[in-house]
Amino acid sequence: MRPPTPRRSRGLALAAMAVVALVASIRMQAEPAPRGTVATRDERPALSPTEALASFVLEPGYRLDQVAAEPLVQDPVAIAFDEFGRLFVVENRGYPDPLEGQPAESPRGGVALLTDSDRDGRFDTRTEFATGLTYPNGIMVWDGGVFVTVAPDLLYLKDTDGDGVADERRVALTGFSATRTAQIRFSHPTLGPDGWIYFTSGLNGGRVTSPAHPERPPVVFSTSDSRYHPVTGAFELVGGQGQYGLTFDDEGRRFICANRHPVWQVMLEPGQLQRNPRLAFSDTVQEVSAVGAEAAVWPLTRDLTTASFHPTLITTPHAGTFTSASGVHIHRGDALPSGHAGSIFVAESAQNLVQRQVRRPSGVSFRSAPARDGVEFLASRDSWFRPVFLANGPDGALYVVDMYRKDIDHPAYVPEESRRHFDFTAGRGLGRIYRLAARDRGPAALAVDLATATNAQVLSALARPNAWWRETAQRLLVERRAVDVAPDLRLLASRGPGLARLHALWTLDALDVLQAPELRRALRDEVAAVRENAVRILERRMTATPSLVDDLLPLVDDRDARVRLHVAAALGVSADPRAVTALAALARRDGADRWVRAAIFSGLHDRTGPFLDAFQARTAGALAARPAARAAVMQDLGRLYGATESRARCLALLTAIADPREELSWQPAALAGLAQGLRTRSASAADTPVSAGTTAPRSPLMALVAGDAPEAQRGRERLATQLARAAALALMEEAPIDQRLPAIDLLGQADLATSGASLLQLLAPTRPAAVQVAAVRALSQLPEPAAAASVLERARWLAYTPRVRDAVLTALMSEERLTTALLDAVAREDVAPAAIGASRARRLMGHRTPAIRDRARTLLAGLDAGGGLPVYERARTDVLARSGEAARGRQQFEAQCVACHTFGGAGGRVGPDLSGIRNQPADALLLHILVPDYEITPGYESYTVQTRDGRTIVARMESETASSLSLRDAAGQAHVVLRADVVSVTAAPGSLMPATFHEALSGQDLADLLAYLKTSR
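If you're wondering where the values come from, they're calculated on a predicted model, not measured in any experiment.

This part takes up the packing of aromatic side chains. Applying the stated criterion across every chain yields a total of 23 aromatic pairs. Centre to centre, the rings of Phe385 and Tyr434 are 6.3 Å apart; their planes meet at 80°, and the pair counts as edge-to-face. Of the two residues, Phe385 sits in the loop between strand 26 (378-380) and strand 27 (387-392) while Tyr434 sits in strand 29 (residues 432-438), which places them 49 residues apart along the sequence. With a relative accessible area of 1%, Phe385 lands in the buried category. Connected via pairs of aromatic rings, a cluster forms that spans Phe176, Phe186, Phe199, Phe221 and Phe235. Positioned above the aromatic ring of Trp469, the side-chain terminus of Arg464 is 3.9 Å from the ring centre.

Now the structure itself:
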């Protein structure tokens, strides 16, 4: 049969004529992009489809064809080709959704079905496949119909009578959050090689249930990517928190993106990390591209990012760098110029361009960079060009979906006073779809009819060079349950082209006919990608078939780093003792890589002891050649040991680590890791033997070596030697900073008598700020009250820079005993109440402990009256009247701000990236410098986390898994906390940024800082 003939909508004869008139192909040569910056608004009107074609600048060697435009398509945001070559287009016609408190509109969104009736390679016929949707944003073809993401639902729509209109509509999943704006909802349904449909979170969560399986409990989450199995109906969370963009490479690796993050690779899944409940590791994604200030783009249009009109939010992403990265797409078609297949394409709708990046291997992941410097792959002079989605087609070309809007931003992210500058609905009803290919690959009929092909004919498509055919063929074979071609699949899996072998392998697995011989052969395949995917399949089967470890062990020495990463993850499933030995071998080779370490330690469970024995068994050879691997592995191992192993085993490990004959470069890190692990289980002198007459408080590490037993005495002697060596290393200015910082950390695990003098020396103003901050943290961990008091001595306090002062306040507010020392210093007038800052004062005056709360209310009463907006109002006239000097302002930025904020390609990541804020009014900049609580950038809110060992961490949430939280405090210190150790998590009301810059900086200093921020990028 032929594909069903769609019913034409009213007016489509005129639409077809219009499209035919405007789809003439154009061939373009690249020209340089202007580098100037303009902060005024571009008010040019919309261009006609024909005019828009002339506005593009394209990379040489390509051609651009317009294959659809309004009225044939309206507000397109996502597309998908089916096995007939027809194009489904998701139309988000109601975007943007009304602001909270405004009346809701009638559902305007829908799905259009486009066909090429005259077979010239351009679409000319439209059918309303589905209407009445709210804010649809993603689509995927499946089993004769389509899945559509339209929060709160995942809908399945199907045309069962062949008229081109969906008459079947069912909810496959429901409960995805739809309370936040339509711009940030789950989207991008994409079929993975494993047969699961993957979604991006859109920065949202949900309470997701399946109407078809009411017996299954809801999956509740705050923000996480997820996946759904279209056959079993299973739903689960996966790694990553993508916003709007998801793609796979030929090897089945998943990549996502978010506004300022053009390319992330998902490295590990939460389920893998959760195997070890004591593993404090929650990251799942690796930055592949440059990010933030370093992620440059070269637009041809003026700055139209929200920040240009945002007088109260200085930290919004800005022009000249990625601000709305979306639709990340690794192109695997065969119609691009030679050598361009595999390029990464990223849409940047706010600045009217698409960037092409080239990807290169980097360890177990990749690094990517723009294919050309200073000029984009595709850029338009038309500021209405809004590329949002990219796709591969049956012809191997790259398709670009242009929503075509005057303004792409959502009004919710624009301050009310600036919304008058925007027309958020201008462009509704418009939209274009473009096709890009090599110059000699013009549009032609999409000769696709896999729907009527036999299973054997479909199977042959698994060997096509264009990934669209391979993926569509695999999908069709799975939908049809085509077990009759299993023998041919086995033959293809063993003798076909490399990528065909990979697809045949996954198809056999999905059909549940994959047999051990095929899997074993794939594990030995000459192509690394096939071996990598075979290991992924084996990992899922190992619980049911433990003997598969025999086939996995030889791959410990695989020549490909990415294969070894998956081997490490798979070995964690096995209970076979040989798996531990194999993990140790991987640690010796690849232990310097954080992802491999996480995969290794996720599988140790309660086997840290045997792992240590195996890891150290060949120290003299393998480890001596890789000191970085040894240091990293031993630090993480020490942390796990301290948290899980017996006192006797921890003491034995300490004694072994502290051997004076060993290399000092890794010992402090390993001992500090052990001490950190001991702290997490609240080891104390109360549960360890002590010498007679000893009453002084001890740190967990010192308590471990207390007592009169010979083992304790030997450990104590060796630890004393190591602490002396660590002190010398910490004070050695010429030593590498990455060795000094672990040494300082180790000093903080001792006591005041042993480490105090050295740590106090490190607080000298002449020491690097990073060293001072580390010393502050170390002193705050010492058990004696005098340690915290020494940090607050008046002379030292007055000499601290704002960064160090902030580190002091952050550390001393983390535990009640330290907070008492801080209030003592305020009472002595060594620390001025104003230095505490309004936000910290509020926390102290609302403290859960009555004694601290009452004392803070006495000492800090009236603090708000002297800070906040009154400070800004007093300073505003004086500072803005001064003439600032940017060179001096740079010095102020480097002294006061760079530890927390990235600017000009360098800096910290506690606070938002400040690149491009030159477009902000000076008074807005000053407001946020002096009153950081005035408005907090989304994603940089602070949280208060109470832990079982009595700590209070106030920090920004960087990432989370089901087993741990990763946070970063105002001093830049990273904290990874196991959920099992968390007592409570509460959103904090204020910013992490201190509100004391009016004390540290004079009016002229502030004017200089503003001049630097206004004149630099």
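Right, let's get into the side chain of Glu479. Note that Glu479 resides in helix 5 (residues 467-479). Of the residues examined, Glu479 reaches a relative accessible area of 17% and is grouped as buried.

We now examine the layout of surface pockets. Roughly 1,000 Å³ of internal volume is contained in the second largest pocket. Along its surface, the second largest pocket is lined by 47 residues, and Met140, Thr190, Leu191, Gly192 and Glu471 are the ones closest to its centre. Elements with a minimum of two residues in the lining of the second largest pocket: strand 4 (76-81), strand 8 (138-142), strand 12 (187-191), strand 18 (246-248), strand 22 (325-330), strand 27, helix 5 and helix 7 (498-510). Ranked by residues supplied to the lining of the second largest pocket, first place goes to helix 5 with 7 residues. Here the lining of the second largest pocket is built from residues that sort into 24 nonpolar, 14 polar and 9 charged.

Attention shifts here to helix 27 (residues 816-827). Its 12 residues give helix 27 an end-to-end C-alpha distance of 16 Å, which sits within 8% of 16 Å, the value for a rise of 1.5 Å per residue. Among the residues making up helix 27, those that are buried are Leu818, Thr819, Ala821, Leu822, Leu823, Ala825 and Val826. Just beyond helix 27, the residue with positive phi is Glu829, at close to 70°.

Within helix 26 (residues 802-812), 10 of the 11 residues are buried, leaving the element largely enclosed by the surrounding structure. Within helix 26, burial applies to Pro802, Val804, Arg805, Asp806, Ala807, Val808, Leu809, Thr810, Ala811 and Leu812.

With that settled, consider the confidence of the model for the protein chain. When the pLDDT values of the protein chain are averaged, the result is 85; 84% of them are 70 or greater. Taken as a whole, residues 310-317 scores under 50 in pLDDT and shows 35 contacts with residues more than four places along the chain or in a different chain. Per-residue pLDDT stays below 50 along residues 683-694; that stretch engages in 17 contacts with residues further than four places along the chain or on separate chains.

Counted according to the given criterion, the structure contains 57 salt bridges. Across the pair Arg578 and Asp550 runs a salt bridge whose closest N-O atoms are separated by 2.5 Å. Taken together, the residues Arg578 in helix 12 (residues 577-590) and Asp550 in helix 10 (residues 549-552) connect sequence positions 28 residues apart. Taken together, the shared-partner salt bridges in this structure form one network comprising Asp249, Glu251, Arg253, Arg359 and Glu532.

Right, let's talk about the packing of helix 14 (residues 608-616) against helix 16 (residues 627-644) for a bit. Two elements in contact, helix 14 and helix 16, have axes separated by 10 Å at closest approach and are oriented at 155°. Looking at the two axes, helix 14 sits roughly antiparallel to helix 16. With respect to the hand of their crossing, helix 14 and helix 16 are arranged in left-handed fashion. Residues Thr608, Gly609, Phe611, Leu612, Phe615 and Gln616 of helix 14 pack against Arg630, Val633, Met634, Leu637, Leu640, Tyr641 and Thr644 of helix 16. Considered class by class, the residues forming the contact of helix 14 with helix 16 number 8 nonpolar, 4 polar and 1 charged.

We now examine the sheet that holds strand 5 (residues 87-91). As summarised here, the arrangement of the 4 strands in space is 4-5-6-7, forming an open sheet in which the pairing is antiparallel. In this open sheet, the two strands that pair with only one neighbour each are strand 4 and strand 7 (125-133). Geometrically, the sheet is characterised by an average inter-axis angle of 20° between neighbouring strands, direction not taken into account. Pairing between strand 5 and strand 6 (residues 109-115): 5 bridges, direction antiparallel.

We now examine the nonpolar core. Among the nonpolar cores identified, the biggest contains 190 residues, and Val111, Leu571 and Phe611 are the most heavily contacted of them. In this structure, Val111 is in contact with Phe88, Val89, Val90, Thr127, Glu128, Phe129, Ala130, Leu133, Ile139, Val148 and Leu157, ignoring residues within four places of it in sequence. Listed in part, the 20 residues of the second largest apolar core include Val871, Phe893, Leu1006 and Leu1013.

Attention now moves to the pairing of strand 19 (residues 254-258). On any regular strand, side chains alternate: one points to one face of the sheet, the next to the other face. The buried fraction of strand 19 is high, at 5 of 5 residues. Of the two faces of strand 19, the one lined by Arg254, Ile256 and Ala258 and the one lined by Phe255 and Cys257 are each fully buried. In this sheet, strand 19 lies alongside strand 18 in antiparallel orientation, the contact comprising 3 bridges. Each bridged residue has a counterpart across the sheet, and for Thr247 the counterpart in strand 19 is Phe255. Here strand 18 folds back onto strand 19 in antiparallel fashion, the turn holding 5 residues, of which Gly252 has a positive phi close to 85°. Sheet topology note: the strand 19/strand 20 (residues 261-266) ladder contains 3 bridges and is antiparallel. The residue bridging Ala258 from the neighbouring strand is His261, located in strand 20. The hairpin turn running from strand 19 into strand 20, its antiparallel successor, is 2 residues long.

Following the sequence through the fold, Ala112 ends up in strand 6. Ala112 sits 40 residues away from Leu72 along the chain, and the two C-alpha atoms are 8.8 Å apart. Not counting the four nearest positions on each side in its chain, Ala112 is found in contact with Leu87, Phe88, Val89, Glu91, Arg126, Thr127 and Phe129.

Reading the values: rules and limits
- Residues numbered from 1 in each chain as written.
- Predicted model: local features only at pLDDT ≥ 70, side-chain atom pairs only at ≥ 80, totals over all residues.
- Heavy atoms only, no water.
- Phe/Tyr/Trp six-rings, centres within 6.5 Å; stacked < 30°, edge-to-face > 60°.
- Helix = DSSP H or I, 4+ residues; strand = E, 2+ residues; numbered from the N terminus.
- Buried < 20%, exposed > 50% of the residue type's maximum accessible area, 1.4 Å probe, protein only.
- Lys NZ or Arg CZ within 6 Å of the ring centre and 35° of its normal.
- 1 Å grid on protein atoms, 1.4 Å probe; cavity = no way out; pocket = protein on both sides within 12 Å on 5 of 7 lines; lining within 4 Å.
- Points joined across faces, edges and corners; volume = space filled by probe spheres on them.
- Nonpolar A, V, L, I, M, F, W, Y, C, P; charged D, E, K, R; others polar.
- Expected span 1.5 Å × (residues − 1).
- pLDDT = per-residue confidence, 0-100.
- Contact = heavy atoms within 4.5 Å.
- Salt bridge = Lys/Arg side-chain N within 4 Å of Asp/Glu carboxyl O.
- Axes fitted to C-alpha atoms, helices over the stretch in contact; angles between N-to-C directions.
- Parallel < 35°, antiparallel > 145°, perpendicular 65-115°, else oblique.
- Left-handed = near helix turned anticlockwise from the far one by under 90°.
- Pairing = 2+ DSSP bridges.
- Core = buried A, V, L, I, M, F, W, Y, C linked by side-chain atoms within 4.5 Å.

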